[in-house]
Amino acid sequence: FYQIYNQFMTKITIGARGSELSIAYVKKVKKLLIQKNKDLKEEDINFKAIKTSGDIHQNIKLSEIGGKNLFCKEIEENLLKKEIDIAVHSLKDMETIEHRALMIGAYIKRNDYRDVIISNTIKSLDDLKRKIVIGSSSRRRELQLKKINKNISVLNMRGNIDTRIKKLEEGKLDGIILAAAGIKSLNLENKISLSFKVEEVLPAAGQGVIAVQCNKNDDAVKKFLKKINDQDTEVCAKSERAMLKAIGGNCETAVGGLALIENNNFKLRAQLFSDIGSKSYEYELSGGISEAVKIGKSVGEELLKLAGSEFKKK
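Treat the numbers as computed from the prediction; the structure is a model and nothing was measured.

K.L.:
Explain the overall build of the protein chain here, please?
P.N.:
Each helix and strand in the protein chain was counted, giving 11 helices and 13 strands. The C-alpha atoms of the protein chain give a radius of gyration of 20 Å, which matches the 20 Å a tight globule of 314 residues would have. Considered along the principal axes of its C-alpha atoms, the protein chain spans approximately 70 × 45 × 40 Å. The buried share among the 314 residues of the protein chain stands at 51%. Counted over contacts in the protein chain with a minimum sequence separation of 6, partners at least 24 positions apart contribute 70%. As presented, the protein chain carries roughly 15700 Å² of accessible surface, and 49% of it is formed by carbon and sulfur atoms.

Structure follows, in structure tokens:
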């Protein structure tokens with residue numbers, strides 16, 4: 001009887017978007033859960049694909065339909081209703097302020113955080129100096145590209161990676177700019193033609209991090225997730241999110257941020273564009289690992305000071 005009871009108790013349902021990339025993230029989380037928790041077996045973990053508002057309205061700018069949390073809202077609702085036990089998100093899709101009943105139980109070891117270009121003709125920074133058309137749905141990326149060359153045209157483009165690559169192959173664009181993490185998770189790195197250094201294009205806060213969310217009062221799931229959490233990634237992610245929180249932006253705010261731990265030293269670098277996008281402000285701060293969240297808050301506050309009236313806190 002106890003064997004049957006225990007078996008029933010360890011059934012876990014993971015919820016995530018149904019895109020190819022989300023499924024790749026779920027597989028990664030599932031594999032880690034089984035590796036690190038001897039109580040869990042393949043058959044104990046189920047997957048539920050959840051369609052989000054962000055997936056349904058693919059031809060509309062996110063800012064017009066309510067912001068980036070549209071990729072998480074329905075998944076979080078399933079979590080709150082206990083229809084799933086764990087939610088798997090791309091951290092940069094999540095709101096900076098979480099629902100009070102939910103928490104991120106694990107930050108998976110960060111993947112490549114850089115931005116990359118997929119193109120047949122763009123192989124170096126010099127190739128960006130021409131008059132070209134790049135596909136992207138990110139205002140941050142658009143303004144960062146225009147800093148490299150103000151004559152770059154950016155075409156608003158949403159949809160999954162495959163859809164974007166297809167549009168590129170149809171010859172409507174010279175290139176598309178995406179996160180390396182997603183490309184690599186789908187084993188498409190052979191398509192990358194240019195990888196940006198962070199000094200050229202600073203990534204979004206949380207880029208390359210898979211966040212595993214659960215209910216705050218679900219102690220059993222929290223115990224499983226604790227074993228797959230990567231501490232360095234958690235420290236960096238919390239700092240980057242503290243910076244975002246201090247800025248108080250929305251999904252139209254063009255902001256980049258990257259925290260790194262090197263030789264026990266912590267460093268956060270961030271960039272904020274003015275509301276109209278014509279100016280950008282950068283700030284960097286280093287310190288001890290234990291001060292990561294404080295550093296994040298300070299960097300956000302400094303960026304607001306630098307921007308002054310050019311940026312309105314949302």
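Moving on from the coordinates now.
K.L.:
Is there a simple way to think about the side chain of Ser193 in this case?
P.N.:
Within the secondary structure, Ser193 is located in strand E9 (residues 192-195). For Ser193, the side chain forms a polar contact with the main-chain nitrogen of Ser119, separated by 3.2 Å. Within the structure, the side chain of Ser193 is placed 2.7 Å from the backbone oxygen of Ile122, a separation counted as a polar contact. Non-local contacts of Ser193, meaning those with residues more than four positions away in its chain, are made with Ile117, Ile118, Ser119, Ile122 and Lys123.

K.L.:
Just checking my understanding: could you explain the sheet that holds strand E5 (residues 115-118) for this structure?
P.N.:
Taken in spatial order, the five strands of this open sheet run E7-E6-E8-E5-E9, and their pairing is mixed. Either end of the sheet is taken by a strand with one partner, and the two such strands are strand E7 (153-156) and E9. Each strand of the sheet is rotated relative to its neighbour by a mean of 35°, with strand direction disregarded. Along the sheet, helix H6 (residues 139-148) contacts E5, strand E6 (133-136), E7 and strand E8 (175-179); its crossing angle with E8, the most-contacted strand, is approximately 125°. Running over the sheet, helix H7 (residues 161-169) touches E5 and E8 and is turned about 160° from E8.

K.L.:
Explain unusual backbone geometry to me, please; I cannot follow it from the model alone.
P.N.:
In terms of backbone geometry, most residues other than glycine have negative phi values and most peptide bonds are trans. Residue Asn187 is not a glycine yet carries a positive backbone phi of 55°. Relative to the helices and strands, Asn187 resides in the loop between helix H8 (180-185) and E9. The class for Asn187 is exposed, based on a relative accessible area of 62%. Backbone geometry at Asn263 places phi at a positive 45°, although glycine is not the residue there. Here Asn263 lies in the loop between strand E11 (255-262) and strand E12 (265-273).

K.L.:
Sorry if this is basic, but what is going on with the sheet that holds strand E2 (residues 45-49) here?
P.N.:
Within a sheet, neighbouring strands are paired by backbone hydrogen bonds and run either parallel or antiparallel to one another. If you trace the five strands from one edge of the open sheet to the other, you get E2-E1-E3-E10-E4, paired in mixed fashion. Two strands bound the open sheet, and with one partner strand each, they are E2 and strand E4 (102-107). Between one strand axis and the next, the sheet turns by 30° as a mean value, whatever way the strands run. Sheet topology places strand E1 (residues 12-16) next to E2; five bridges connect them, and they run parallel. Bridge pairing in E2 places Gly15 opposite Lys48. Where helix H2 (residues 20-36) meets the sheet, its contacts fall on E1, E2, strand E3 (86-90) and strand E10 (210-215), and the angle it forms with E1 comes to roughly 155°.

K.L.:
Would you mind going over the packing of helix H10 (residues 231-247) against helix H11 (residues 292-307) with me for this structure?
P.N.:
A pair of packed helices is captured by two measures, namely the crossing angle of their axes and the spacing between those axes. In the contact formed by H10 and H11, the axes pass within 7 Å of each other and the chain directions differ by 30°. Between H10 and H11, the crossing angle belongs to the class labelled roughly parallel. Considering only the axes of H10 and H11, their crossing is right-handed. Of the residues in H11, those touching H10 at Val235, Lys238, Ser239, Ala242, Met243, Ala246 and Ile247 are Ala292, Val293, Gly296, Lys297, Val299, Gly300, Glu301, Leu303 and Leu304. For the contact of H10 with H11, a count of residues per class yields 10 nonpolar, three polar and three charged.

Rules and cut-offs
Residues numbered from 1 in each chain as written. Predicted model: local features only at pLDDT ≥ 70, side-chain atom pairs only at ≥ 80, totals over all residues. Heavy atoms only, no water. Helix = DSSP H or I, 4+ residues; strand = E, 2+ residues; numbered from the N terminus. Rg over C-alpha atoms; globule rule 2.2 N^0.38 Å. Buried < 20%, exposed > 50% of the residue type's maximum accessible area, 1.4 Å probe, protein only. Contact = heavy atoms within 4.5 Å. Areas by Shrake-Rupley, 256 points an atom, 1.4 Å probe, with all protein chains shown as cover. Polar contact = N/O pair within 3.5 Å; in protein donor to acceptor, adjacent residues only side chain to side chain. Pairing = 2+ DSSP bridges. Axes fitted to C-alpha atoms, helices over the stretch in contact; angles between N-to-C directions. Parallel < 35°, antiparallel > 145°, perpendicular 65-115°, else oblique. Left-handed = near helix turned anticlockwise from the far one by under 90°. Nonpolar A, V, L, I, M, F, W, Y, C, P; charged D, E, K, R; others polar.

By themselves, these are just geometric observations and shouldn't be taken as functional.
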